[in-house]
Amino acid sequence: EAGVVQSPRYKIIEKKQPVAFWCNPISGHNTLYWYRQNLGQGPELLIRYENEEAVDDSQLPKDRFSAERLKGVDSTLKIQPAELGDSAVYLCASSGGSGNIQYFGAGTRLSVL
Amino acid sequence: DAKTTQPPSMDCAEGRAANLPCNHSTISGNEYVYWYRQIHSQGPQYIIHGLKNNETNEMASLIITEDRKSSTLILPHATLRDTAVYYCIVGNTDKLIFGTGTRLQVFP
């Protein structure tokens, strides 16, 4: 069974440019999460989806960040415009099925120059 | 949400058992204890979780004290590939709050 797939794995952009990250969750998982992980820290939740509905976006900086999960399957996280402080690893996770455990993708490492 | 306290780092000899402690004195009655690990440049990997009883799977064992205020993750025979940051989290699957974890270094 395929795990959570994220792309790209790495992204380097200049500040003020837009950037987007893509996530495909484990098949059948209704819940999808986006996290941000700063260097030396644990992941922090940005947004949680139940199917196509964002049920917890309290930690998403809404002035520059947006996310969508149009058909309740894959999801896109966007930053526009990017700032130097957005440099981090962006992780996607999904849960569902037996035990309802969160499983993570490998992440996208963003460097903003 | 309950918070956890873990030592920042630990060492373990290859082949020996690694015992990683976690304190969670403010855990609520319906909150689970989860353990994840993160190997360099990878996403967090689920290891094990439990509510009250001790749990064991192919990766590790989880020992939860009777008062549920602390737990220990046991890797019975550590290998070099177990070198990672180990996160102890209390909560429910929809709300995992990660701390800074324990950096476990397994040495030959």
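Note that this is a predicted model, so its numbers are computed, not measured.

### A short note on the pairing of strand 7 (residues 65-68) of chain A
Residue and element names in this part refer to chain A.
Item 1. In this sheet, strand 8 (residues 75-79) lies alongside strand 7 in antiparallel orientation, the contact comprising four bridges. Across the sheet, Ala67 pairs through a bridge with Leu77, a residue of strand 8.
Item 2. Hairpin connection between strand 7 and strand 8: a loop of six residues separates the two successive antiparallel strands, and Gly72 in this loop has a positive phi of roughly 70°.

### What to know about the sheet that holds strand 1 (residues 9-13) of chain B
Residues and elements named next belong to chain B.
Item 1. In space, the five strands of this open sheet follow the order 1-9-8-3-4, with mixed pairing throughout. Two strands lie at the open edges of the sheet, namely strand 1 and strand 4 (45-50), each paired on one side alone. Here the average twist between neighbouring strands, direction ignored, is 25°.
Item 2. Bridge count for strand 1 against strand 9 (residues 102-107) is five bridges, and the pairing is parallel. Paired with Ser9 across the bridge in strand 9 is Arg103.

### Description of the packing of aromatic side chains
Item 1. Using the criterion set out here, one finds 12 aromatic pairs over all chains in the structure.
Item 2. For the pair A:Phe104 and B:Phe98, a centre-to-centre distance of 5.9 Å together with 85° between the ring planes defines the contact as edge-to-face. Note that A:Phe104 is positioned in strand 10 (residues 103-104) and B:Phe98 in the loop between strand 8 (84-91) and strand 9, a pairing that runs across two chains.
Item 3. According to the relative accessible area criterion, A:Phe104 is buried, its value standing at 11%.
Item 4. The buried category is assigned to B:Phe98, whose relative accessible area is 9%.
Item 5. A connected cluster of aromatic rings, assembled from ring pairs, spans A:Tyr33, A:Tyr35, A:Tyr103, A:Phe104, B:Tyr36, B:Tyr46, B:Tyr87 and B:Phe98.

### Quick notes on the interface of chain B and chain A
Item 1. The interface is formed by 17 residues belonging to chain B together with 21 residues belonging to chain A.
Item 2. Note on chain B versus chain A: buried area summed over both sides is about 1400 Å², and carbon and sulfur give 48% of it.
Item 3. Between chain B and chain A we count two salt bridges in total.
Item 4. Note that B:Lys95 and A:Asp56 form a salt bridge whose closest N and O atoms lie 3.4 Å from each other.
Item 5. Applying the counting rule to chain B against chain A returns nine residue pairs in polar contact (both at pLDDT 80 or more).
Item 6. Of all elements in the fold, only strand 3 (32-38) and strand 4 of chain B reach the threshold of two or more residues within the side of chain B that touches chain A.

### Some details on the sheet that holds strand 3 (residues 19-24) of chain A
All names here are of chain A.
Item 1. If you walk across this open sheet you meet the four strands as 1-3-8-7, and the pairing is antiparallel. Each end of this open sheet is capped by a strand with a single partner; those strands are strand 1 (5-7) and strand 7. Strand-to-strand twist across the sheet, computed as the mean angle between neighbouring axes with direction ignored, equals 15°.
Item 2. The pairing of strand 1 with strand 3 spans three bridges and is antiparallel.

Rules used in this analysis
Residues numbered from 1 in each chain as written. Chains lettered and ligands numbered in written order. Predicted model: local features only at pLDDT ≥ 70, side-chain atom pairs only at ≥ 80, totals over all residues. Heavy atoms only, no water. Pairing = 2+ DSSP bridges. Helix = DSSP H or I, 4+ residues; strand = E, 2+ residues; numbered from the N terminus. Axes fitted to C-alpha atoms, helices over the stretch in contact; angles between N-to-C directions. Phe/Tyr/Trp six-rings, centres within 6.5 Å; stacked < 30°, edge-to-face > 60°. Buried < 20%, exposed > 50% of the residue type's maximum accessible area, 1.4 Å probe, protein only. Contact = heavy atoms within 4.5 Å. Buried area = accessible area lost by both parts, 1.4 Å probe. Salt bridge = Lys/Arg side-chain N within 4 Å of Asp/Glu carboxyl O. Polar contact = N/O pair within 3.5 Å; in protein donor to acceptor, adjacent residues only side chain to side chain.

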